[in-house]
Amino acid sequence: MDKKQMELLQGTLDMLILKAVSLGPLHGYGVLLRIQQISKDRLEIQQGSLYPALYRLEHQGWITSEWGESENKRKAKYYRLTAAGKRKLQTEAEKWNRMADVIAGILQSTPEEV
Amino acid sequence: MRIWSRVRSWLRAMARRARMENEMDAELRFHMEAFAEDLVRRGVPREEALRRARIEFGGVERAKEECREARGVNFISSLVQDLRFGLRMMRKNLGFTATAVLALALGIGVNTIVFTAFDALTMRPRAVKDPDRLVGVYRTKEGESRDALSYPDYIYYRNHNKTLSDLAMFGFGMGVTTSDLPPASPEDMPRMASAIGFHLPQLLQGGGRPLMCFYVSGNYFQLLGAHPAAGRLVLPEDDQPGARPVVVLSGNFWRSQFHSSPNVIGSTIHLNRVPFTIVGVTPVDYLGTLPIVPVLWAPIAVRPMLGNGTRESLENRSERAGIVYGHLKAGVSLPDAEAELSVLASQLRAAFPDVERKSGVSVVSEREFAHMDSEGWPVVAATMGAVALLLLIACANVAGLLLARAATRRREIGVRLSLGATRWRLLQQLLIESSLIAFFAGAVGLPLASWGLHLLVTEISSSLPSYWGSIALQATPDIRVFAYTVFISLMTGVAFGLTPALQTLKTDVNSALKDSGSMLGERLSKSRLRNILIVAQVAACLVLLINSALLLRGSQRALRIEPGFDSKHVVFLEMYTPALSGYSEAELLQLSRQLRTELGSLPGITSVTLASRAPFAGGNRFVPVGTATEEPPVNAAGEDQRPAVSYSYVLPNYFETLGIPIVRGRSFTPQEAEGEAPVAVVSEAMARHFWPGQDPIGKRMAIGSAHGQTPYPGETAPFFPESEVIGVAQDVRNLSLSKVDDSYFYLPLSQSSQLTRMILLRTKGNTSSLLALLGGAVRRVDASLPVVAAPLDWAVSLDPYFIVSRVGGILCSVVGALGLFLACLGVYGMVGYSVVERTHEIGIRMALGAQRQQVLGLVLRENARPMLFGTVIGIAVSAAVARLISAILFGLNPADAISFAGVSLLLIAVAMFAGWLPARRAMRVDPMVALRYE
């Protein structure tokens, strides 16, 4: 946690959550851990903003939830990607990649190219 | 699908609020505990770990609130909050609420009544099988409107067409008499007649009671998919020549006369003295193809048995027998069917050139009861326009009230804004409040409308004589009408809630809190809106009131029109025996003679006479007439080209009985009448038309032709190759109240050989009190003979123009009075509001030395301006409308000064009074209090 962390770009949390639960059902804390784990702790996520995002995604039908048992035998709410969520994740990821390419292209441009 | 999941999650959240809250708690607690446990595992002490977990998580309550919002739960809870708050506000301002709800409810209720009536007549499909494919087949003839088919034509179309599934005929109804039922009693008498100012002829108590019988072909009920309430309906085998005569009762008659007893089925009833078997009953209020419930239904084949024409007349191609209905076969369009039937019509023209000449066929949709034609639209448009004006007044009224209230709530709204309420949230709140008013108004307006409709239908139906059948229009507001009501109420609420709401939101927080928002620019735009509302209300109200005044004054004028005969002292009686009603002609002649003797002996009767028709009583007869010296001009088609002139057969004392002066020559002698001599009395107009500038006495005319026909059984069509004019009678209004007859002549009536059913009496006294006496006389002669009677001035009031202008005037003045009431409320509220709003300014004026009277004058003057402007607009619009209705004003100038000036002054006076009441408050403003108010 001492490493330098980046703040999340606006609007990307939803995509990251969808990606995290696409790898397997997770509870809310698990989502947080998985994002931190994959990002090697380079992203700073406001814990409090995670749940509204989860609720919003569930409300929109991208993910669905059910109560289950956690690793340490406690009751926890698990989130799972729905078919619609899967498609959503795919289009969002494509969009993001295209955008990243474009931005990167712009930033790497040299005076000769212009 | 996603929408569905959203709705589901929302519904789940709503339905199980508590459970969602618990789950949310558990989920967040799990998160923090799991986080804390991880920290503990890394060696952090437990207490410290829990503390850090809470810090890392951030505001738990805020997260929860955001979660709720994500689920859409917040929207609902704030909605519920706003609803509760709105209801509380309504209860707190009961006066405001009651006024606004009442105003809108009136507007909505009256509009719903009109919409439902319109809907029931012209839009609601008939309650028959497959109404969308139901069509009517009519005979058309060049230059004439659609007409009924003859029976043989109907049979031809039925047997030869391939585009329609079946064809059934609805024959015209007729009153039949029966001796099996008690004589006419007071319950059979129409009510309400005098309330509107016209009276229908009364069935005399003590005489017989005619029953309205509809004739239908044997397949009619099958075609419409009707089911009996008991027994069976008319079947094809009943509709054969020589079949056993059967009759079906209407459910209404079965209930009222036989207490719905099943024993009636199979019993015998004598109709026009012929025994009929009652085979079944239709459901109560069952309508076939007319919006009228008859008493009886009988097969067309029995018509000759009831005396309504002979078997031959049923087979006559020129005799109109009834309306023909059928269903389009699947895949067949209306033009297809018409094209096919037109081919059949041309075959008929070729086969029967003399009767079918020029006749064609037209097929029209019969999905609804009434076709909106060019004659119906102006009436519908005028009615809808009038009630729409009422709704406009109501809306302007409520808008004014909301506006006024917005001013008093500016402070409250300022406080809410400064405490951080979003403007959207406030808008939502204000819109909900005005929608609540609209919904309450709809909730009050709908039962109001359904009660009004019920009243209207039962009143109209009870004002009809029973032998016309009764009306059973489906007038219960249906789901579409309900939707319409709610739509109007919501639109009103939103449209007029929004205007003040948006204005309120322009409120600057600071000025609102300081309560000085009423100054300068803001006040200007607001007072303009207020003025527009007053202008609209006054103008709309004035249009209604001026036109109602015009119509009522016009119809009043109609009652004073001198028809040329003495309508005040003459009563007509008509033996209601269509198609002889089972009597023979000789019997009816005998009855007529006995009746006249009996009537002549009543006290106060000075003379009794007979005529083929009474003025205004319908049954206009006309015949081609020419001057005898010329050959009857005939056109290429062999049709008589001489002008058709209206006439009556009368006894010699007709002129004296009705008080029509003979201006030249003389009336008939009894010998001329009895011998049906070739003599005639003509009207002055006819004399001028046929023999301009000459003395008509002694002139000859040729009346009728050898093959002339009359539709009146018992009468012969006049045919006099050379008839001498022996007298000239003064011009009268025999046919229409709105003008003197163009031409009219009188022929001598032989009382021993020519049957007429019309008896006219002259009395010295009051005509309406005579009616009860007349019933007794009829009873002494023949208790089963139905006789209707009316003083002639009643008949005058049945003139169609009179009815239109009278009913229109009454409707208009009811709506206008409601409008006036609402407009006064509106003016009262708005003037009151302007006074409250300007308390501060008035205080300054008074502090600077203005007198109370001056202040009052200022307030009144300022409010008088929009009223006067509204009056000018109202007068201009009324003048345009008045020109449109000038035809039914009976010669009243459409720019009638009394109506225009009188009503305008009345309206201004009432509106000024409504403004003066709250304006007095301005005088009572205490400058000290007003200035400290800041």
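Criteria and cut-off values
- Residues numbered from 1 in each chain as written.
- Chains lettered and ligands numbered in written order.
- Predicted model: local features only at pLDDT ≥ 70, side-chain atom pairs only at ≥ 80, totals over all residues.
- Helix = DSSP H or I, 4+ residues; strand = E, 2+ residues; numbered from the N terminus.
- Buried ≥ 20, exposed ≤ 12 C-beta atoms within 10 Å, placed from the backbone.
- Contact = placed C-beta atoms within 7 Å.
- Expected span 1.5 Å × (residues − 1).
- Pairing = 2+ DSSP bridges.
- Nonpolar A, V, L, I, M, F, W, Y, C, P; charged D, E, K, R; others polar.
- Core = buried A, V, L, I, M, F, W, Y, C linked by C-beta atoms within 7 Å.
- Axes fitted to C-alpha atoms, helices over the stretch in contact; angles between N-to-C directions.
- Parallel < 35°, antiparallel > 145°, perpendicular 65-115°, else oblique.
- Left-handed = near helix turned anticlockwise from the far one by under 90°.
- pLDDT = per-residue confidence, 0-100.

Draft legend 1. Representation of the overall build of chain B in the model. Across its full length, chain B carries 30 helices and 25 strands. The 934 residues of chain B split such that 42% are buried. Within chain B, counting contacts between residues at least 6 apart in sequence, those at least 24 apart form 83% of the total.

Draft legend 2. Here's a closer look at the overall build of chain A. Within chain A one finds 4 helices and 5 strands. In sequence order, the secondary structure elements of chain A are arranged as β-α-β-α-β-α-β-β-α. Classification of the 114 residues of chain A by burial places 30% in the buried group.

Draft legend 3. Representation of the environment of P603 of chain B. Residues and elements named next belong to chain B. Structurally, the position occupied by P603 is in the loop between α20 (585-600) and β16 (605-611). You can call P603 exposed: it has 9 C-beta atoms within 10 Å. Along the primary structure P603 and G765 are separated by 162 residues, whereas in three dimensions their C-alpha atoms are 9.4 Å apart.

Draft legend 4. Just helix α2 (residues 17-41) of chain B, in detail. In a regular helix each residue adds 1.5 Å, so 25 residues correspond to 36 Å; α2 of chain B covers 36 Å between its end C-alpha atoms and thus fits that length. Along α2 of chain B, the residues that are buried comprise E27, L28, H31, A34, F35 and A36 of chain B. Summarising the contacts, the buried residues of α2 of chain B are in contact with α2 (28-38), α3 (47-59) and β5 (75-81) of chain A together with α3 (46-57) and α4 (60-70) of chain B. Just past α2 of chain B, the residue G43 of chain B takes up positive phi, approximately 100 degrees.

Draft legend 5. Representation of the sheet that holds strand β4 (residues 63-69) of chain A within the structure. All names here are of chain A. Ordered in space as β2-β5-β4, the 3 strands form an open sheet in which the pairing is antiparallel. The sheet is open, and its two edges are formed by β2 (26-27) and β4, each paired on a single side. Here β4 pairs with β5 via 7 bridges, running antiparallel. Within β5, the residue paired with W67 across the bridge is K77.

Draft legend 6. View of the interface of chain A and chain B. Counting residues at the interface gives 19 residues for chain A, matched by 23 residues for chain B. If you list the elements that add at least two residues to the side of chain A that touches chain B, you get α2, α3 and β5 of chain A. Ranked by residues supplied to the side of chain A that touches chain B, first place goes to α3 of chain A with 8 residues. Tallied by class, residues from the side of chain A that touches chain B come to 6 nonpolar, 8 polar and 5 charged.

Draft legend 7. Quick look at the pairing of strand β11 (residues 296-299) of chain B. All names here are of chain B. Every second residue of β11 is oriented toward a common face, with L296 and A298 on one face and W297 and P299 on the other, all of them buried. Here strand β5 (residues 211-216) runs beside β11; their pairing, made up of 4 bridges, is parallel. Residue pairing for β11: Y215 is matched across the bridge by A298. For strand β7 (residues 246-249) and β11, the ladder comprises 2 bridges, and the chain directions are antiparallel. Counterpart to L249 in the pairing with β11 is L296.

Draft legend 8. How the structure looks around the nonpolar core. All names here are of chain B. In terms of nonpolar packing, the biggest core is built from 159 residues, with L104 and F572 touching the most fellow members. Broken down by element, the residue count for this core peaks at 17 residues, all from helix α19 (residues 520-560). Excluding its chain neighbours within four sequence positions, the residues that come into contact with F572 are A614, A617, M758, I759, L760, A789, A790, L792 and A795.

Draft legend 9. Up close: unusual backbone geometry. Residue and element names in this part refer to chain B. Of note in this structure, R273 is not a glycine but carries a positive phi near 70 degrees. Here R273 lies in the loop between β8 (268-271) and β9 (274-281). Note on R273: 15 C-beta atoms within 10 Å, which makes it partly exposed. Residue E676 is not a glycine yet carries a positive backbone phi of 45 degrees.

Draft legend 10. Representation of the packing of helix α6 (residues 94-123) of chain B against helix α26 (residues 800-837) of chain B within the structure. Residues and elements named next belong to chain B. Taken N-terminus to C-terminus, the directions of α6 and α26 make an angle of 155 degrees; their axes are 11 Å apart at the nearest point. Classified by the angle between their axes, α6 and α26 sit roughly antiparallel to one another. In this structure, the crossing between α6 and α26 has a hand that is left-handed. Facing α6, whose interface residues are T99, A103, L106 and V110, α26 presents V815, L818, L822 and L825. Of the residues in the contact of α6 with α26, the class split is 7 nonpolar, 1 polar and no charged.

Draft legend 11. Quick peek at the confidence of the model for chain B. Residues and elements named next belong to chain B. Overall, the predicted model of chain B reaches an average pLDDT of 80, with 85% of residues at or above 70. In this model, residues 515-524 is a region of pLDDT below 50 whose contacts with residues beyond four sequence positions or in other chains number 14 contacts. The ipTM for the predicted assembly is 0.88, set against a pTM of 0.64.

Draft legend 12. Geometry of the packing of helix α28 (residues 852-884) of chain B against helix α29 (residues 897-923) of chain B. Residue and element names in this part refer to chain B. The geometry of α28 relative to α29 is characterised by a closest axis approach of 9 Å and an angle of 150 degrees between their N-to-C directions. Of the possible angle classes, the one that applies to α28 and α29 is roughly antiparallel. As for the relative orientation of α28 and α29, their crossing is right-handed in sense. Where α28 abuts α29, its residues R852, V855, L856, V859, L860, N863, A864, M867, T871 and I875 lie against F900, S904, L907, I908, A911, M912, G915, W916, A919, R920, A922 and M923. Of the residues assigned to the contact of α28 with α29, the class counts are 16 nonpolar, 4 polar and 2 charged.

Draft legend 13. Inspection of the environment of L747 of chain B at higher detail. Residues and elements named next belong to chain B. For L747, the location among the structural elements is in strand β23 (residues 744-748). Separated by 97 residues in the primary sequence, L747 and V650 have C-alpha atoms spaced 6.2 Å apart. Setting aside residues up to four positions removed in sequence, L747 forms contacts with Y647, Y649, A680 and P718.

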